[in-house]
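# Structural overview for review
So the chains spell out like this:
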Amino acid sequence: MHELTVEDFTRFVIRKIETIINNVVLNNPDNEENFPLAVVNSPMESIRKVEDNVPIYKRFSINVEHWANSKYESMKKYQETNELLRKYNFIPIGTPTDLYDMATQKYRYGIRYEVNYNGLTNSFERIK
């Protein structure tokens, strides 16, 4: 049995996204960043089931945004991320973020993902 922490989960997501885009950061970028990039915001966890005071079933949610010079480029990276995270049973939730950032003069496109984590099997499971 393995208890997945918020840090472990964040590092997992970042490692996966780095296979698509080299520059992954944890905070919104400034003008000096190298674009395109992905922003992975701190996740939220919700403990769903506890056994002997150990969380064995959790739900995680995390926001991932892609920032790029063009809207099409940010949409492309978003789609690649969707396809990648789907392999791990992550599902997009809600309406995508679709904004032009005036400070950086870049487009950003992203969404919140959710997934269940089973500590008994050490695996991600679909949200039912």
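Residues numbered from 1 in each chain as written. Predicted model: local features only at pLDDT ≥ 70, side-chain atom pairs only at ≥ 80, totals over all residues. Heavy atoms only, no water.

## Some details on the side chain of K77
Spelled out, the test is: By definition, any uninterrupted DSSP run of H or I lasting at least four residues is a helix, any uninterrupted run of E lasting at least two residues is a strand, and each is numbered from the N terminus. Should any heavy atoms of two residues lie within 4.5 Å, those residues are counted as being in contact.
With respect to the secondary-structure elements, K77 resides in helix α2 (residues 71–86). Look past the residues within four positions of K77 in its chain and what remains in contact with it is I20, I21 and H66.

## Topic: the pairing of strand β3 (residues 44–51)
The line we're drawing: Paired strands are those between which DSSP finds at least two bridges.
As judged from the 7 bridges shared by β3 and strand β4 (residues 54–68), these two strands associate in the antiparallel manner. The residue of β4 that forms the bridge with M44 is S61. Counted along the chain from β3 to the antiparallel partner β4, the turn is 2 residues long, and its residue D52 has a positive phi close to 50 degrees.

## Structural notes on the nonpolar core
Formally: What makes a nonpolar core is a set of buried Ala, Val, Leu, Ile, Met, Phe, Trp, Tyr and Cys residues whose side-chain atoms join them at distances within 4.5 Å. For the exposure calls, accessible area comes from a 1.4 Å probe over protein chains only, and a residue counts as buried if that area is under 20% of its type's maximum, exposed if over 50%, partly exposed in between.
Ranked by size, the top nonpolar core spans 24 residues in total, and within it F9, V13, I17, V40, F90, Y113 and F124 carry the most contacts. For this core, the secondary structure elements donating two or more residues are α1 (6–17), β2 (37–40), β4, α2 and β6 (106–118). The residues contacting F124, other than those within four sequence positions of it, are L4, F9, F12, Y88, N89, F90, V115, N116 and Y117. Among the nonpolar cores identified, the runner-up in size contains 5 residues, and V25, F35, V39 and W67 belong to it.

## Considerations on the side chain of H66
Rules: Any pair of nitrogen or oxygen atoms within 3.5 Å is treated as a polar contact; in protein, a donor-acceptor pairing is required on top of that, and neighbouring residues in sequence qualify only through side-chain atoms on both sides.
Tracing the backbone through its elements, the reader meets H66 in strand β4. Separated by 3.4 Å, the side chain of H66 and the backbone oxygen of K77 make a polar contact. The contact partners of H66, leaving out residues within four places of it in the chain, are I17, I21, L37, A38, S74, K77, Y78, T81, Y107, R108 and Y109.

## Focus on the pattern of salt bridges
Just so we agree on the cut-off: By convention in these notes, a salt bridge is any Lys or Arg side-chain nitrogen within 4 Å of a carboxyl oxygen on Asp or Glu.
By the definition in use, this model includes 8 salt bridges. Ionic pairing is found between D98 and K71, a salt bridge with its closest N-O pair at 3.4 Å. Of this pair, D98 sits in strand β5 (residues 91–101) while K71 sits in helix α2, and the two are 27 residues apart along the sequence. For the salt bridge of E80 with K76, the shortest nitrogen-to-oxygen distance reads 3.9 Å. A residue pair is termed a helical-turn pair when its members lie 3 or 4 positions apart in one helix, as E80 and K76 do in helix α2 at 4 residues. Of the residues examined, E80 reaches a relative accessible area of 25% and is grouped as partly exposed. Three or more residues joined by partner-sharing salt bridges are found here, namely E3, E45 and K58.

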